[in-house]
Amino acid sequence: MQRYLDAVRSAQLVRKLGHVRQLGGLGIESNGPDTVIGEICEVRPRHGAPVLAEVVGLREGRAVLMPYGEIEGLGIGCEVLATGRMPRVGVGPGLLGRVIDAFGEPLDGKPAPVVEQQRPLKAAPLNPLSRPPVDQVLETGVRCIDALLTIGRGQRIGIFAGSGVGKSTLLGMIARNTLAEVNVIALIGERGREVREFIDKQLGPEGLARSVVVVATSDQPALARARAAYAATAIAEYFRDAGRQVLLTMDSVTRFAMARREIGLAIGEPPTARGYTPSVFAELPELCERCGTAAGGGAITALYTVLVEGDDFNEPVSDMLRATLDGHVVLSRRLAQEGH
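Cut-offs used in this document
Residues numbered from 1 in each chain as written. Predicted model: local features only at pLDDT ≥ 70, side-chain atom pairs only at ≥ 80, totals over all residues. Heavy atoms only, no water. Core = buried A, V, L, I, M, F, W, Y, C linked by side-chain atoms within 4.5 Å. Buried < 20%, exposed > 50% of the residue type's maximum accessible area, 1.4 Å probe, protein only. Helix = DSSP H or I, 4+ residues; strand = E, 2+ residues; numbered from the N terminus. Salt bridge = Lys/Arg side-chain N within 4 Å of Asp/Glu carboxyl O.

**Student:** Could you clarify how one ought to interpret the nonpolar core in this entry?
**Tutor:** Soluble, globular proteins show a tendency: their nonpolar side chains are buried together. Counting residues in hydrophobic clusters, the biggest one holds 54 residues, and the most contacted among them are Ile235, Tyr304 and Leu321. In terms of residue count, helix H5 (residues 222-241) provides more of this core than any other element does, 13 residues in total. In this structure, Leu170, Ile185, Leu203 and Val213 belong to the second largest nonpolar core, which totals 27 residues.

Given below as structure tokens:
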């Protein structure tokens, strides 16, 4: 009887409704509903399927939402329904060998993956005093890294380079040859053509078999791109908590920061260095600190590629990540142009 009683207590007997007041740029402003930051809402157009949106800001009697999809067909007065759900992603061993989007939906043409549980996208980081020290080497299969820039299990490393220097190629080499048990690969803001090439050529069937690939291409809304980074981290945490050695690679964390900048500007945050809003510099450490070793024996070793704008290694995101991560690898454009 207990589960039926719990279901009755948690049932929503009243619908929380609001109405679109203003549409502008990337944001939707509505009168109501009674909601909280991070809650998922349905914005219902006059014709067509509802558009999912997340509450990213609250003002006096108004909610600011960011859509997960296209806003075509929405207008003033459209109904906004608070669902009571917070962002979550399905996790489980069934994700291995699959390519999914930020919502856990398959992109590889196969049936939806079987998941064991739903985990929140934003989990609390581990207590720093409960983290075992980093004392084991993670072999990447790339000789110059293993010999000269050795990576430990549970470390967080940045790969810094400008565009076209070889970050994605290096990640593919590591994912294919590493001795980690599970690869979780987040492709954030990538061109659609590059996604297929990365999976087929860089990763290969052998690498894909023990990998989970989370994709949010550059044409998707900013909120979907940011969600993909959190979803990949939550999936990596699931395997880490199961005692597995996980390699989390994110290409690129700079595009995650750009997505968060778009969201911050849309809700009225003041721009600071190069237009980045203060929340960006708060969320980058929050995302990175969720990786590392755990008391259960598992560990998340994170490799974040950092797209250095204009080859300026002192631009704000690069500078922030150098201070946040445990180490960094810098790729040389001169060596790349020589075919190295």
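**Student:** Just to check I follow, could you spell out the pattern of salt bridges for this structure?
**Tutor:** Where charged atoms of side chains with opposite charge meet at close range, the side chains can pair. Applying the stated rule across the entire model yields 19 salt bridges. Notably, a salt bridge pairs Glu29 with Arg59, separated by 2.9 Å at the nearest N-O pair. Note that Glu29 is positioned in strand S2 (residues 27-31) and Arg59 in strand S4 (residues 51-59), a separation of 30 residues in sequence. Residue classification places Arg59 among the partly exposed residues on the basis of a relative accessible area of 36%. With a closest N to O distance of 3.3 Å, Arg255 and Glu190 form a salt bridge. Highlighted residues: Arg255 in helix H6 (residues 253-266) and Glu190 in strand S13 (residues 182-190), separated in sequence by 65 residues. Linked by salt bridges that have partners in common, Arg131, Arg156, Glu289 and Asp326 make up one network.

By themselves, these observations are geometric and do not establish any function.
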